[in-house]
Amino acid sequence: MKNAISSEFIKLRRSWALILAAAAAFLPPAVEFTRSVSGHSDRPEWLAFLSSRQELAVSGMIIMVMLLAAWIFTMEYQHGTAGALFITGVKRIEIFTAKMVALSAVITGLLILSAASQLLFGALAVGKPLPAPVFWQFVSVTAWYVFSYIMLAAVVVLPAVLTKRFVLTAVITLGYYILIFPFHTKNAYVCPFMTPTIVAAKLYGSTNYIFAFSYDNLTTGVLPAGAALACLAAAALAAGAVIYRKSDAVR
């Protein structure tokens, strides 16, 4: 198992996926900082900087998670090396598990990078120490994002192992996200990809987290939303593991 996990990181290191993902994690706070200093209003407060106008950060993170999950589980088919992978003697369930471990580690690292970027550019924009209550809100949101986006990545695994194609998986997941997005303010669970954002807005108590949506009419919280995402991820992973065990090297 250790060798299988190491192999996944080696394959990722040789691709542009991590560089693009890192840019998607680091740059949105920089854009928000630029907007805050280029305006004519006073310097923002910490809570406002962290919990307002996060459209770019939210969209970038969702798309990044989708594409990373699709890439990690289809890269052998894209490169034509699936046949070599399946004759190495490593059990397919170990390969599947190694991919999920690598994906979870990468998502965690990118969210930590995003959090560091928020703190860096927030300090430059606000010019004041971060208050302790806001800091703990920030830590709670970051921890929630790590958990929830790993769960969402597990959901993307199912179409990836079904189709064995990166582009088709991206079309399916992004298509669903785009088509269902308008309804996510009516029901917290109709669009799972927006569930992390809804809960983050509630943790901050923000009425302007994205597009001035307040989510006041939604009653979900960390526990019910986390349980729903965990159940969805467990079902997707179970089905994905069964399919992956029976998969072949045909693209």
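Chemist: Any chance you could explain the confidence of the model for the protein chain here in plain terms?
Modeler: A low pLDDT score tells you not to read the predicted coordinates there in detail. Overall, the prediction assigns the protein chain a mean pLDDT of 87, with 89% of residues at 70 or greater. For the protein chain, the element scoring lowest by mean pLDDT is helix α5 (residues 82–86), at 58; helix α7 (residues 132–163) scores highest, at 95.

Chemist: What exactly am I supposed to notice about a nonpolar patch on the surface here?
Modeler: The grouping of F26, L27, L120 and L124 at the surface amounts to a nonpolar patch, some 340 Å² of accessible area in total. Only α2 (17–38) and α6 (92–126) provide two or more residues apiece to the nonpolar patch. Mapping L27 onto the fold places it in helix α2.

Chemist: I keep staring at the environment of A57 and nothing clicks. Help me out?
Modeler: Relative to the helices and strands, A57 is located in helix α4 (residues 55–79). Judged by relative accessible area, A57 falls into the partly exposed class, the value being 22%. Taking the C-alpha atoms as reference points, A57 and I210, 153 residues apart in sequence, are found 9.5 Å from one another.

Chemist: How should I be thinking about the packing of α7 against helix α8 (residues 166–180) in this particular structure?
Modeler: Working note: a packed helix pair is described by the angle between its axes plus the distance between those axes. Taken N-terminus to C-terminus, the directions of α7 and α8 make an angle of 140°; their axes are 9 Å apart at the nearest point. Of the two possible hands of crossing, α7 and α8 adopt the one that is right-handed. Touching V156, P159, A160 and T163 of α7 are L168, T169, I172 and T173, all from α8. Split into classes, the residues belonging to the contact of α7 with α8 amount to 5 nonpolar, 3 polar and no charged.

Thresholds, definitions, all that
Residues numbered from 1 in each chain as written. Predicted model: local features only at pLDDT ≥ 70, side-chain atom pairs only at ≥ 80, totals over all residues. Heavy atoms only, no water. pLDDT = per-residue confidence, 0-100. Helix = DSSP H or I, 4+ residues; strand = E, 2+ residues; numbered from the N terminus. Patch = residues over 30% accessible without salt bridge, like charges linked within 9 Å, V, L, I, M, F, W, Y side chains within 5 Å. Areas by Shrake-Rupley, 256 points an atom, 1.4 Å probe, with all protein chains shown as cover. Salt bridge = Lys/Arg side-chain N within 4 Å of Asp/Glu carboxyl O. Buried < 20%, exposed > 50% of the residue type's maximum accessible area, 1.4 Å probe, protein only. Axes fitted to C-alpha atoms, helices over the stretch in contact; angles between N-to-C directions. Left-handed = near helix turned anticlockwise from the far one by under 90°. Contact = heavy atoms within 4.5 Å. Nonpolar A, V, L, I, M, F, W, Y, C, P; charged D, E, K, R; others polar.

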